[in-house]
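The residues making up each chain are set out below.
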Amino acid sequence: MKVLFKGQHTMDVYKIVESLEDEVATRNLAHEDITSELFKELRILVKTKGNRVLHEGINLEYEGVPT
């Protein structure tokens, strides 16, 4: 008999983008820039290992100026 497990993978992700005049616009730029390629590559890797991806998301929060 087979059984199913569900879990979450968590990692801290950082993205550096040019600051725009508006904080919301800057955050949106960071989200758009990171989700397209990163999620595509992660989804392919997870699926090649025989796993399913039912949901994916990311929430980037302002951390300050990179040093």
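Parameters and conventions
- All residue numbers here refer to positions counted from 1 along the written sequence of the relevant chain.
- Totals for whole chains, interfaces and linings use all residues, but because this is a predicted model, local features are given only for residues with pLDDT of at least 70 and pairs of side-chain atoms are given and counted only at 80 or more.
- For the side-chain quantities, the full set of heavy atoms in the structure was used; hydrogens and water were omitted.
- To qualify as a helix, a DSSP run of H or I must reach at least 4 residues; to qualify as a strand, a run of E must reach at least 2; elements of each kind are numbered from the N terminus.
- Take the number of residues in a helix, subtract one, and multiply by 1.5 Å to get its expected span.
- Bend, in this description, refers to the angle at a residue between axes fitted to the seven residues ending there and the seven starting there.
- Exposure categories follow from relative accessible area, calculated using a 1.4 Å probe and restricted to protein chains: below 20% of the type maximum is buried, above 50% is exposed, and the middle band is partly exposed.
- Here a polar contact is recorded for every N or O atom pair within 3.5 Å, except that within protein the pair must consist of a potential hydrogen donor and a potential acceptor, and residues adjacent in sequence are included only if both atoms are side-chain atoms.
- Here a cavity denotes a set of grid points, spaced 1 Å apart and computed over the protein atoms alone, in which a 1.4 Å probe fits but from which it cannot get out, and a pocket denotes an open set meeting protein on both sides within 12 Å along at least five of seven lines; residues with an atom within 4 Å of a point are reported as lining.
- Grid points are joined across faces, edges and corners, and a volume is the space filled by probe spheres set on the points.
- Gly counts as polar in this scheme, as do all residues outside two lists: the nonpolar Ala, Val, Leu, Ile, Met, Phe, Trp, Tyr, Cys and Pro, and the charged Asp, Glu, Lys and Arg.
- A residue counts toward a patch only above 30% relative accessible area and without a salt bridge, and it is joined to like-charged neighbours within 9 Å or, for Val, Leu, Ile, Met, Phe, Trp and Tyr, to nonpolar neighbours within 5 Å.
- Where accessible areas are quoted, they stem from the Shrake-Rupley method and a 1.4 Å probe; at the residue level, only the protein chains shown are allowed to cover.
- The salt bridge criterion pairs a side-chain nitrogen of Lys or Arg with a carboxyl oxygen of Asp or Glu, the two atoms within 4 Å.

A. Here's a closer look at helix 1 (residues 23-48). For helix 1, which comprises 26 residues, the first-to-last C-alpha distance of 37 Å matches the rise-based estimate of 38 Å (1.5 Å per residue) to within 8%. At T35, helix 1 shows its largest bend, some 35 degrees. Inspection of helix 1 places T26, A30, H31, I34 and F39 among the buried residues, and these make up the whole buried set. The backbone nitrogen of V24 has a side-chain oxygen 2.9 Å away, supplied by the residue at the start of helix 1, namely D22. Backbone geometry just downstream of helix 1 places G50 in the positive-phi region, at approximately 85 degrees.

B. Broad picture of the layout of surface pockets. By volume, the largest pocket is sized at about 1900 Å³. Lining the largest pocket are 42 residues; nearest its centre among them are M11, V13, F39, G57 and I58. Residue composition of the lining of the largest pocket, grouped by class: 20 nonpolar, 12 polar and 10 charged.

C. Fine view of a nonpolar patch on the surface. Together, M1, V3 and F5 make up an exposed nonpolar region whose accessible area comes to about 500 Å². Looking at the secondary structure, you find V3 in the segment before helix 1. For V3, a relative accessible area of 62% puts it in the exposed group.

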